[in-house]
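Residues per chain are reported as follows:
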Amino acid sequence: MKELDRARILVTIPRGLLEKVSTDKDIEKIKSFADVVFNDKDRNLTEEELSELIKGVDGCITSWGSPRFTREVLANADTVSYTHLRAHETSLHLVCRLL
C-alpha cells in the first residue's frame, strides 16, 4: 500500500450485530482512514461470500461466527497483511486493540 493510498477494510460482522457492538463514532473512526466494505446481511457471510469480498482489501474485521479463513479464502486475500486483532464486546461498544 502506497503511503497516500487509503486502506480498504472488510467488516464481516453482520449488520444487526455490528449495530449492537459498535457506535456511529466507532464506524466513523474506521472510515476516517479507510474505505470500508460492510457485510450488509443480517447473517454471517458464507465462505464463498468471504472469498469474493476479501479480494483487494488490506485488512478484515471479523467477529464470532464469521467464516474461517481457509486456504481457499486466503488464496483470494491478495493484499491482506497479517495483523492480529483482538476484540472484546462491552455493554456499550466494541473495543479493539491491535497486538
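A. Seen up close, the nonpolar core. Membership of the largest hydrophobic core is limited to 10 residues, which are Ala7, Ile9, Val11, Ile13, Leu18, Ile27, Ile30, Ala34, Val36 and Ile61. Those elements giving two or more residues to this core turn out to be strand E1 (7–11), helix H2 (24–31) and strand E2 (34–38). Counting residues per element, this core draws most heavily on E1, at 3 residues. Formed by 7 residues, the second largest nonpolar core is a distinct cluster that contains Leu10, Val57, Val73 and Ala77.

B. Inspection of the pattern of salt bridges at higher detail. Following the criterion strictly, the structure yields 5 salt bridges and no others. Arg6 is the partner of Asp35 in a salt bridge, and the nearest nitrogen-oxygen pair spans 3.1 Å. Residue Asp35 is found in strand E2, and its partner Arg6 is found in the segment before E1; the two are separated by 29 residues along the sequence. Overall, Asp35 belongs to the partly exposed group, its relative accessible area being 41%. A salt bridge links Lys55 to Glu52, with the nearest nitrogen and oxygen atoms 3.3 Å apart. A relative accessible area of 37% means that Lys55 is categorised as partly exposed.

Quick notes on the rules
- Residues numbered from 1 in each chain as written.
- Predicted model: local features only at pLDDT ≥ 70, side-chain atom pairs only at ≥ 80, totals over all residues.
- Heavy atoms only, no water.
- Core = buried A, V, L, I, M, F, W, Y, C linked by side-chain atoms within 4.5 Å.
- Buried < 20%, exposed > 50% of the residue type's maximum accessible area, 1.4 Å probe, protein only.
- Helix = DSSP H or I, 4+ residues; strand = E, 2+ residues; numbered from the N terminus.
- Salt bridge = Lys/Arg side-chain N within 4 Å of Asp/Glu carboxyl O.

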